Amino acid sequence: MEHVRIFDTTLRDGEQSPGATMTSTEKLEVARALARLRVDVIEAGFPAASPDDLAAVQAIAAQVGTDAGAPIICGLARAAKTDIERAWEGVRAAHRPRIHTFLATSDLHLQHKLRMTRDEVCARVSEMVAYAKSLCDDIEFSPEDAGRSDPTFLYRVLELAIRAGATTLNIPDTVGYTTPDEFGALIAGIRDNVPGAKDVVLSVHCHDDLGLATANALAGILAGARQAEVTINGIGERAGNSSLEEVVMAIHTRAAKFALSTQIDTTQLTRVSRLVSSCTGMAVQANKAIVGANAFAHESGIHQDGMLKHEATYEIMRPETVGATQTQLVLGKHSGRAALAARLAELGYPLQGDVLDRVFKRFKEIADRRKQVTDADLEVLVRDDLPELDEAFQLDGLHVGCGALGMPTATVRLRGSDGAVRAHASIGTGPVDAAYKAIDALVAAPADLLEYTVHSVTEGIDALGHVTVRVRDDRGRVFHGAGADTDIIVASVHAYLRALNRIVATQGVVKPSPPAWTPPPADELRSTP
Ligand code: KIV
Ligand code: ZN
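Residues numbered from 1 in each chain as written. Chains lettered and ligands numbered in written order. Predicted model: local features only at pLDDT ≥ 70, side-chain atom pairs only at ≥ 80, totals over all residues. Heavy atoms only, no water.

J.: I'd like a description of the coordination of the zinc ion (ligand 2), backed by residues and values.
T.: Coordination of the zinc ion (ligand 2) by the protein is provided by Asp13 (OD), His205 (NE2) and His207 (NE2), with metal-donor distances spanning 2.0 to 2.1 Å. Donor residues for the zinc ion (ligand 2) sit on one chain with the sequence pattern D-x191-H-x1-H. Residue histidine 205 is classed as buried on the basis of its relative accessible area, which comes to 5%. Look at histidine 207 and you get buried, because its relative accessible area is 3%. (Donors = N, O, S within 2.8 Å, 3.2 Å for Na, K, Ca; no water. Buried < 20%, exposed > 50% of the residue type's maximum accessible area, 1.4 Å probe, protein only.)

Next up, the structure:
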């Protein structure tokens, strides 16, 4: 069977989703998970966007793209010399580096965005693809907004890109405008009309503005494309991109129709989906295909009856094929640090030293309270421990009072990066609101709470609560934060503080008041009525 390359752009197009910004540590963790998933290419970022983006791409190239079996590490660049140089700086340490450069080809973009003529676009593509080729062997070119471009002009640009050295031609439906029959015909037209197209890899990159991204990508593959650009959970600009799990599982489940294969380890799909959701703060809808919480749930009596008689009645794939079954950790509260370390290493977290000590301490606290600690619990604990960049404030103490009788109150104590401890008490409409008001009084980050979600990591009343918040700063940018704890107020406070810390890291705002808090002498505490 012919191979379809899976090009994952979660760290580039996916990260362009509003509020999905990830820290370098998170990007590295996602890249490692993508390598374990066995994607062919990781688009690690857009190095010209900022020094942080460049550093993150460099770290991924140096730590994930290290050997011959590792994925290709790709950096995006506009068709401009400085962008291409930054992209090369980002990926050059990888064993198999790739530069992906793009320029729009639709008349709409030429007239209103680029203010270039068609001839100028042709000249720029020839020059910039050749320049990229002088630095790196593996060059991908994308004609942005190909879905709305004049096919004849598109063929001309693509031919020039091939002549200048491009080895992959990626065809984006940038605004998710086309329908599957149109997109399939576009790929077939390119294959048949562009000289040299049969000697390069054709790729599809579809956006989901009309909910057609996966259908369009599959239509392109049926028409001859052999690379699909996709993201985990389908995240990406606006309505997102074709989702990796949907494209891969369609090819896998309908093998007779596609007669194609990917090298993806499908049993990793659920884990990677959870990881990306947690790193980006973007929840996966319950009815999302393949990785949603209800993707394998059967509710109606008729369906349940069918399932009991034969699974194939209502299931076209098994949950274990996509890793949707929980492995119960056989460790209990008497288990040791070494056993925990071994299980974490199996899950892809080879922890040691202080980090392992901290996770072990939290594991023990949970194992004391619960009968079982699942792999999902463990992953949330590890993720919760990942260091955030520039944490300006950390939770140092929290006390809440709530219930039907009094007013919900919260006292929050924060420790700043300067070591000073500040405390504040507030009342609110509920304990979370009161705690958030107290935090607002201590941290000057201008933030509107847009979204607050809480879900339990596993089943049961004693489950870990996982809270995700999204906040908007006064410049209109969206930031997220997540926290996990068996106490959901504590998890809520961690989530909110992480989001605020991201604002503080980008804006540099730190509240000077109220004055640092000094604990009262013990005598005074005792004599307080
Ligand atoms: O959607 C798009 O056109 C892109 C290109 C940069 C490939 O993301
Ligand atoms: Zn895109």
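J.: Go over the packing of helix α3 (residues 81–91) against helix α5 (residues 118–135) with me, naming the residues and quoting the values.
T.: At a closest axis distance of 10 Å, the pairing of α3 and α5 adopts a crossing angle of 25°. One element, α3, and the other, α5, form an angle in the roughly parallel class. Once α3 is placed against α5, the crossing between them reads as right-handed. Residues Lys81, Ile84, Glu85 and Trp88 of α3 pack against Met128, Tyr131, Ala132 and Leu135 of α5. (Axes fitted to C-alpha atoms, helices over the stretch in contact; angles between N-to-C directions. Helix = DSSP H or I, 4+ residues; strand = E, 2+ residues; numbered from the N terminus. Parallel < 35°, antiparallel > 145°, perpendicular 65-115°, else oblique. Left-handed = near helix turned anticlockwise from the far one by under 90°. Contact = heavy atoms within 4.5 Å.)

J.: Can you lay out the packing of helix α13 (residues 337–346) against helix α14 (residues 353–369) for me, pointing to particular residues and giving the numbers?
T.: Two packed helices can be described by the angle between their axes and the distance between those axes. Viewed as axis vectors pointing N to C, α13 and α14 meet at an angle of 105°, and their least axial separation amounts to 10 Å. Taken together, the axes of α13 and α14 lie roughly perpendicular to each other. Packed against α13, whose contacting residues are Arg337, Leu340, Ala341 and Leu344, the element α14 presents Gly353, Leu356, Asp357, Val359, Phe360 and Phe363 at the interface. Taken together, the residues of the contact of α13 with α14 break down into seven nonpolar, one polar and two charged. (Nonpolar A, V, L, I, M, F, W, Y, C, P; charged D, E, K, R; others polar.)

J.: Summarise the domain arrangement of the protein; cite the residues concerned and give the values.
T.: Partitioning the protein into structural domains gives domain 1 (2–280), domain 2 (296–326), domain 3 (337–385) and domain 4 (393–525). Just the C-alpha atoms count here: the centres of domain 2 and domain 3 sit 31 Å apart. (Domains from an automatic or database assignment.)

J.: If you had to explain unusual backbone geometry to someone new, which residues and values would you point to?
T.: Phi at aspartate 145 is positive, roughly 60°, even though this residue is not glycine. You will see that isoleucine 290, though not glycine, has its phi angle at about 70°, which is positive. By the element assignment, isoleucine 290 lies in the loop between α11 (269–280) and α12 (301–309). We classify isoleucine 290 as buried; its relative accessible area is 8%.

J.: Tell me what's going on with the site of ligand 1, and back it up with residues and numbers.
T.: Around ligand 1, the surrounding shell consists of Arg12, Asp13, His100, Phe102, Ser142, Glu144, Asn170, Pro172, Thr174, His205 and His207. The side chain of aspartate 13 places a nitrogen or oxygen atom 3.1 Å from an oxygen atom of ligand 1. Threonine 174 has a polar side-chain atom sitting 2.6 Å from an oxygen atom of ligand 1. In the complex, 94% of the free accessible area of ligand 1, which totals 260 Å², lies under the protein chains. Broken down by secondary-structure element, the contributors of at least two residues to the shell around ligand 1 are β5 (97–104), β6 (139–144) and β7 (168–173). (Near = heavy atom within 4 Å. Polar contact = N/O pair within 3.5 Å; in protein donor to acceptor, adjacent residues only side chain to side chain. Areas by Shrake-Rupley, 256 points an atom, 1.4 Å probe, with all protein chains shown as cover.)

J.: Residues and numbers for the sheet that holds strand β11 (residues 393–401), please.
T.: In space, the three strands of this open sheet follow the order β11-β12-β13, with antiparallel pairing throughout. Looking at the sheet topology across the chains shown, the edges are occupied by β11 and β13 (421–427). Within this sheet the neighbouring strands show an average axis-to-axis angle of 15°, counted without direction. Contacts from helix α17 (residues 488–507) reach β11 and β12 (409–416), with the element oriented near 145° to β11. (Pairing = 2+ DSSP bridges.)

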